[in-house]
Amino acid sequence: MVSFYRLKGRALQIDNTAIMTLTFFTGAALLVAVNLLPSVYVKLILPAFSVGEGLLSAALDFSVGAVCLFMALGVYFSVKLGTKRYLLKKALKKKPSSGDIFFYFRPLRFFSAFFYCVGMAAVKAALLAFCFLPSAVCFFTVDRFSRQGVSALVCLAMTVTAVCLAVNGGVFYSLFYSSFFLCDYYYIEGTCLSFRHLISCSQRDMRNKGTILTGLKLSFCGWFALCLLLVPVPYVWGYYNQSLAVAAAEFMKAKEI
């Protein structure tokens, strides 16, 4: 199955190379432009206001920083989801256009995409903490015990326990993380009734498919390593995401979007 997704993704990527390269550099340029806003604020806008060094200045700095962070994340999320929308339509043979890539740059869609991606990031962060917090507590306890002169045998036993907990947590995290794979595509599809429904649909359709997805992602390790030597980043980025879109289309049973 991994070879099938790779081959189909490669065939579709042939027509995508130019637009994916432009999208990659356009997205990078937008992020650079947004990250230059703090410099513009400090050098051009701030000198025009006599706010001094007090609370008002701190509040203004914080507000500008929050706006810049919101815009940077919003641009990244919008480009990511727009690219996935384009590639999913390509995988479903729906004749995508460049408008799909910038689909989430309209105000309401921009805010919706931002809060969806933040919500997904919060869910994944909670999962990460749940999986690795026990091992982290064990390692912290071992460190405290070793400083207090507890016997080496006890420290060794707790270290082994912490390592086992970390390995189990990593395996569980990997499997559970894979169940979220279709969330972005279901969000793009727009048929789920709520955020919770979207996650449940993804977990339902990803049941017993986590190993396939992991194998597909790992099969690109060589390509990503090649980027360190030849820098074919836009092509590999497009090829990788197109293959994932092909897999998503198969997992979702090619539903309409």
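Residues numbered from 1 in each chain as written. Predicted model: local features only at pLDDT ≥ 70, side-chain atom pairs only at ≥ 80, totals over all residues. Heavy atoms only, no water.

J.: So what exactly am I meant to see when it comes to the packing of helix α9 (residues 210-218) against helix α11 (residues 233-251) here?
T.: Any two packed helices are characterised by the angle at which their axes cross and by the distance between the axes. Between α9 and α11, the least distance of the axes is 11 Å, while the angle of their chain directions is 165 degrees. Taken together, the axes of α9 and α11 lie roughly antiparallel to each other. Remark: the crossing between α9 and α11 carries right-handed chirality. Between α9 and α11, the contacting residues are Ile212, Leu213, Leu216 and Lys217 on the first element and Tyr240, Ser243, Leu244, Ala247 and Phe251 on the second. Looking at the contact of α9 with α11 residue by residue, the classes come out as seven nonpolar, one polar and one charged. (Axes fitted to C-alpha atoms, helices over the stretch in contact; angles between N-to-C directions. Helix = DSSP H or I, 4+ residues; strand = E, 2+ residues; numbered from the N terminus. Parallel < 35°, antiparallel > 145°, perpendicular 65-115°, else oblique. Left-handed = near helix turned anticlockwise from the far one by under 90°. Contact = heavy atoms within 4.5 Å. Nonpolar A, V, L, I, M, F, W, Y, C, P; charged D, E, K, R; others polar.)

J.: Can you help me understand the environment of methionine 71 in this one?
T.: Relative to the assigned elements, methionine 71 resides in helix α3 (residues 55-91). C-alpha of methionine 71 to C-alpha of lysine 8: the two residues are 63 residues apart in sequence and 35 Å apart in space. Beyond its immediate stretch of four places on either side in the chain, methionine 71 contacts Val34, Leu37 and Phe110.

J.: Even after reading the chapter, I still don't get the state of the cysteines, so can you show me in this structure?
T.: Here, disulfide denotes a covalent bond that connects the sulfur atoms of two cysteines. Under the counting rule described, the total for this entry stands at zero disulfides. There is no disulfide at cysteine 192, and the cysteine sulfur nearest it, in cysteine 201, is 4.0 Å away. For cysteine 192, a relative accessible area of 17% gives the class buried. Free of any disulfide, cysteine 221 has its nearest cysteine sulfur in cysteine 227, 12 Å distant. Looking at cysteine 221, the relative accessible area reads 43%, which means it is partly exposed. (Disulfide = S-S within 2.5 Å. Buried < 20%, exposed > 50% of the residue type's maximum accessible area, 1.4 Å probe, protein only.)

J.: Looking at this structure, how should I read helix α5 (residues 107-147)?
T.: Residue pairs three or four apart in sequence face the same way in an α-helix, which turns once every 3.6 residues. By the largest-angle criterion, phenylalanine 132 marks the main kink of α5, which is about 45 degrees, and a proline, proline 134, follows within four residues. By the burial criterion, the buried members of α5 are Phe110, Ala113, Phe114, Tyr116, Cys117, Met120, Leu127, Cys131, Ser135, Cys138 and Val142. One or two positions beyond α5, positive phi appears at glycine 149, with a value near 80 degrees. (Bend = angle between axes of the 7 residues up to and from the residue.)

J.: I keep staring at the packing of aromatic side chains and nothing clicks. Help me out?
T.: Aromatic ring pairs are defined here through the distance separating the ring centres and the angle between the ring planes. Enumeration over the complete set of coordinates arrives at 29 aromatic pairs. With 5.0 Å between their ring centres and 85 degrees between their planes, phenylalanine 103 and tyrosine 104 make a pair best called edge-to-face. Exposure remark for tyrosine 104: the relative accessible area of 3% places this residue in the buried category. The ring of phenylalanine 220 is capped by arginine 6, whose NZ or CZ atom sits 4.5 Å from the centre of that ring. (Phe/Tyr/Trp six-rings, centres within 6.5 Å; stacked < 30°, edge-to-face > 60°. Lys NZ or Arg CZ within 6 Å of the ring centre and 35° of its normal.)

J.: Whenever I open this one, the environment of cysteine 192 confuses me. Can you help?
T.: By secondary structure assignment, the location of cysteine 192 is in the loop between α7 (183-189) and α8 (195-205). Cysteine 192 has contacts with Tyr186, His197, Leu198 and Cys201, leaving out every residue within four places of it along the chain.

J.: Teacher, can you tell me more about a nonpolar patch on the surface here?
T.: On the surface, Phe139, Val163, Val167, Val171 and Leu175 cluster together into a nonpolar patch covering about 440 Å² of accessible area. Counting residues per element, the nonpolar patch draws most heavily on helix α6 (residues 152-178), which supplies four residues. Residue placement: leucine 175 occurs in helix α6. On the accessibility criterion, leucine 175 (54% relative accessible area) is exposed. (Patch = residues over 30% accessible without salt bridge, like charges linked within 9 Å, V, L, I, M, F, W, Y side chains within 5 Å. Areas by Shrake-Rupley, 256 points an atom, 1.4 Å probe, with all protein chains shown as cover. Salt bridge = Lys/Arg side-chain N within 4 Å of Asp/Glu carboxyl O.)

J.: What's the story with the layout of surface pockets in this structure? I'm lost.
T.: Of the voids in this model, the largest pocket is the one considered here, and its volume is about 690 Å³. Together, 30 residues line the largest pocket, and Tyr76, Lys80, Lys84, Asp184 and Asn241 are the ones closest to its centre. At the level of secondary structure, the elements contributing two or more residues to the lining of the largest pocket comprise α1 (2-35), α3, α5, α6, α7, α9 and α11. Here the lining of the largest pocket gets eight residues from one element, more than from any other, and that element is α3. Looking at the lining of the largest pocket residue by residue, the classes come out as 20 nonpolar, five polar and five charged. By volume, the second largest pocket amounts to about 150 Å³. The wall of the second largest pocket is formed by Leu175, Phe176, Ser178, Ser179, Gln203, Met206, Arg207, Asn208, Lys209, Gly210 and Thr211. Those elements that place two or more of their residues in the lining of the second largest pocket are α6 and α9. (1 Å grid on protein atoms, 1.4 Å probe; cavity = no way out; pocket = protein on both sides within 12 Å on 5 of 7 lines; lining within 4 Å. Points joined across faces, edges and corners; volume = space filled by probe spheres on them.)

J.: Even after reading the chapter, I still don't get the pattern of salt bridges, so can you show me in this structure?
T.: Opposite charge on two side chains makes pairing possible when the charged atoms of those side chains draw close. For the structure shown, the criterion picks out five salt bridges. Notably, a salt bridge pairs aspartate 184 with lysine 80, separated by 3.8 Å at the nearest N-O pair. Highlighted residues: aspartate 184 in helix α7 and lysine 80 in helix α3, separated in sequence by 104 residues. Taking relative accessible area as the criterion, aspartate 184 reaches 10% and is therefore assigned buried. The class for lysine 80 is partly exposed, based on a relative accessible area of 26%. Across the pair lysine 89 and aspartate 100 runs a salt bridge, and its minimum N-O distance is 3.2 Å. Within this pair, whereas lysine 89 is found in helix α3, its partner aspartate 100 is found in helix α4 (residues 98-101), the two being separated by 11 residues in sequence. For lysine 89, a relative accessible area of 15% corresponds to the buried category. Residue class for aspartate 100 comes out buried when judged on its relative accessible area of 6%.

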